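So you can see what is in the structure, the chains are spelled out below.
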Amino acid sequence: MTHNTEKPINRRQLLAAGAAASGALAASRAFAQDAQGQPLMGDPQLPEAAAQRTGWAVVGLGTFAVGQVMPGFLAASRARMTAFVSGNPDKAAMLGQRYGVERLYSYDNYDQIADADDIECVYIVLPVGLHAEYTIRALEAGKHVLCEKPMASTSTECERMIAAARANDRRLGVAYRIHFEPTNQVAAQHIANGDLGTLRHIRCEHGFPANPQWPPHAWRLQRALAGGGSMFDIGIYGLNTALMAAAGDAVVEVSGLYSYDRSDPRFAEVEGGVDWRLRLASGAIVSGSSSYSYSPYISRQTYIGDKGNITMSPACTYYDNEGVIDTGNGPQPLGAGPAATQFASQLDGFTDAVREGLAHLTPGEMGLRDIALIEAIYASADNGGIPVTV
Ligand code: NDP
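What counts and what doesn't
- Residues numbered from 1 in each chain as written.
- Predicted model: local features only at pLDDT ≥ 70, side-chain atom pairs only at ≥ 80, totals over all residues.
- Heavy atoms only, no water.
- Pairing = 2+ DSSP bridges.
- Helix = DSSP H or I, 4+ residues; strand = E, 2+ residues; numbered from the N terminus.
- Contact = heavy atoms within 4.5 Å.
- Axes fitted to C-alpha atoms, helices over the stretch in contact; angles between N-to-C directions.
- Near = heavy atom within 4 Å.
- Polar contact = N/O pair within 3.5 Å; in protein donor to acceptor, adjacent residues only side chain to side chain.
- Areas by Shrake-Rupley, 256 points an atom, 1.4 Å probe, with all protein chains shown as cover.
- Parallel < 35°, antiparallel > 145°, perpendicular 65-115°, else oblique.
- Nonpolar A, V, L, I, M, F, W, Y, C, P; charged D, E, K, R; others polar.
- Left-handed = near helix turned anticlockwise from the far one by under 90°.
- Salt bridge = Lys/Arg side-chain N within 4 Å of Asp/Glu carboxyl O.
- Buried < 20%, exposed > 50% of the residue type's maximum accessible area, 1.4 Å probe, protein only.

1. Observations regarding the sheet that holds strand β10 (residues 251–258)
- One open sheet holds the 9 strands; their spatial order is β16-β15-β14-β13-β9-β12-β11-β10-β17, and the pairing between them is mixed. Looking along the sheet, the strands with just one partner apiece sit at the ends: β16 (332–333) and β17 (388–389).
- As paired strands, strand β13 (residues 293–305) and strand β14 (residues 309–312) are joined by 4 bridges and run antiparallel to one another. Looking at β14, one finds that Tyr303 is bridged to Ile310.
- Strand contacts of helix α6 (residues 182–193): β9 (199–209), β13, β14 and β15 (323–326), with the helix running at about 165 degrees to β14, the strand carrying the most contacts.
- Together, β10, β11 (273–280) and β17 form the strand contacts of helix α11 (residues 364–382), whose direction differs from that of β10 by roughly 50 degrees.

2. Some remarks on the site of the ligand
- The full set close to the ligand counts 25 residues, and Thr63, Ser86, Tyr107, Arg177 and Tyr237 are the nearest of them.
- One nitrogen or oxygen atom from the main chain of Leu126 is found 2.9 Å from an oxygen atom belonging to the ligand.
- One of the side-chain N or O atoms of His131 is found 2.9 Å from an oxygen atom in the ligand.
- When isolated, the ligand has an accessible area of 890 Å², and the protein chains bury 82% of it.

3. Some words on the packing of helix α4 (residues 131–140) against helix α5 (residues 155–167)
- α5 packs onto α4 with a crossing angle of 5 degrees between their chain directions and a minimal axis gap of 9 Å. Viewed along their axes, α4 and α5 adopt a mutual orientation that is roughly parallel. The residues of α5 that touch α4, namely those facing His131, Ala132, Thr135, Ile136 and Leu139, are Glu157, Arg160, Met161, Ala164 and Ala165.
- When its residues are assigned to classes, the contact of α4 with α5 shows 6 nonpolar, 2 polar and 2 charged.

4. Description of the sheet that holds strand β4 (residues 79–85)
- Read across the sheet, 6 strands follow the order β5-β4-β3-β6-β7-β8 without closing on themselves; strand pairing throughout is parallel. Strand pairing shows two members of the sheet lacking a second neighbour, β5 (103–105) and β8 (172–175), which therefore form its edges. This sheet shows a mean twist of 30 degrees between the axes of neighbouring strands, independent of strand direction.
- Where β4 and β5 come together, 3 bridges link them in parallel fashion. For Ala83, the partnering residue across the bridge sits in β5 and is Arg103.

5. Comments concerning the environment of Tyr260
- Of note, Tyr260 is situated in the loop between β10 and β11.
- Note: C-alpha distance between Tyr260 and Ser293 (33 residues apart in sequence) is 8.0 Å.
- The contact partners of Tyr260, leaving out residues within four places of it in the chain, are Phe267, Glu271, Gly272 and Gly273.

6. Here's the deal with the packing of α5 against α11
- Between α5 and α11, the least distance of the axes is 9 Å, while the angle of their chain directions is 170 degrees. Put simply, α5 runs roughly antiparallel to α11. Between α5 and α11 lies a crossing whose hand is left-handed. For the pair α5 and α11, contact is made by Ser155, Cys158, Glu159, Ile162 and Arg166 and by Gly364, Glu365, Gly367, Leu368, Ile371, Ala372 and Glu375, respectively.
- Each residue belonging to the contact of α5 with α11 can be placed in one class, and the counts come to 5 nonpolar, 3 polar and 4 charged.

7. Details of the pattern of salt bridges
- Scanning the entire structure with this criterion turns up 13 salt bridges.
- Here Glu133 and Arg137 are joined by a salt bridge, their closest N and O atoms 2.7 Å apart. With Glu133 and Arg137 both in helix α4, this residue pair falls 4 residues apart, about one helical turn.
- Here Arg137 falls in the buried class, since its relative accessible area comes to 18%.
- Put simply, Arg166 and Glu365 hold a salt bridge, and the shortest N to O gap is 2.8 Å. A residue pair is termed long-range when its members are at least 10 positions apart, and Arg166 in helix α5 and Glu365 in helix α11 qualify at 199 residues.
- Residue classification places Arg166 among the exposed residues on the basis of a relative accessible area of 60%.
- Three or more residues are tied together by salt bridges with common partners; here these are Asp111, Glu133 and Arg137.

And the structure:
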């Protein structure tokens, strides 16, 4: 896979990406021209001085937090890390030293974040089964919360999280980073512009080989910590990204069929693969597969309309998303900015929502919608694939 930073980009694509990013407000901020009138990727506002930035606590210092979230803060313009919450004091101290973060909490004294004025936002990067508890505790401590995907183990937990955000008048977002990822933003804008004509089919394939010996995969195979199986963890990218592209087209019917080896001991507690389908109000069909047995990793989205199509592979990775659009003249690269900007853009986007009292681009209600849809997919699959009306 190659980085796509060298590809030519044009102003229309840049503006399109900005508009898809977070509405007119973010679009007006997302792109600017340099002194020669050339378009610039990124945020035209100068990064704020550290003391001006909104302070965040990172909760759970695991693979994703250390590998992607923390570097994302270094690239952000308006967000900074001011606290870590961890069950491992040595790791927290080491990371605190590396990033200049002095406030270190355990899960036991976590509620004391209420007393820290330099923590305004909390980023929950824990196993899924812990999302609801730690999100609600942070909301009750008066903090705004960005919670990793999938939002929680059940739709009931999602509803409790949303209720806590409302009761405490705090913002709640789900960290669907793809909404901030340039290539997916350009794809979504082409669809919104009608460049593909009427959208008829969206195909989504997402999966990787789950390794039960590796701790970050081990909890994904335990129902209490994972909530569900591959659809919760990786298939959700296809579902959420498809519905982003289908902007506003409501889901009316859902179905699913399991597609994994029932004798595989990895899947004693959670599903290891599912084929799923959504029928949208417009008549368009979204269908996908999700698996913990794909090897190598697959991350693929295809959008097919009656005037053109978009193929993206890989579609939802951290650094290397690629796509082509074909409207009758052969495949043309979507050509967008580097995927890695999604992490900082997401942090700044949530910070902006907090500062301006607006809903985040990917609010808790979106997380609830997706968990409810996955529950309906499972209900259908448990019943031999009989469609479920939603
Ligand atoms: P890891 O297992 O690597 O990290 C989870 C961390 O949570 C641990 O390191 C630990 O941190 C803490 N933790 C607290 N209690 C437990 C427990 N009982 N079992 C395991 N860990 C515990 O997982 P990931 O980093 O891969 O995933 C974390 C979250 O991020 C999940 O919600 C996942 O879905 C999401 N994610 C999102 C991605 C994205 O692209 N948006 C990609 C990957 C993951 P400590 O030692 O500090 O207490």
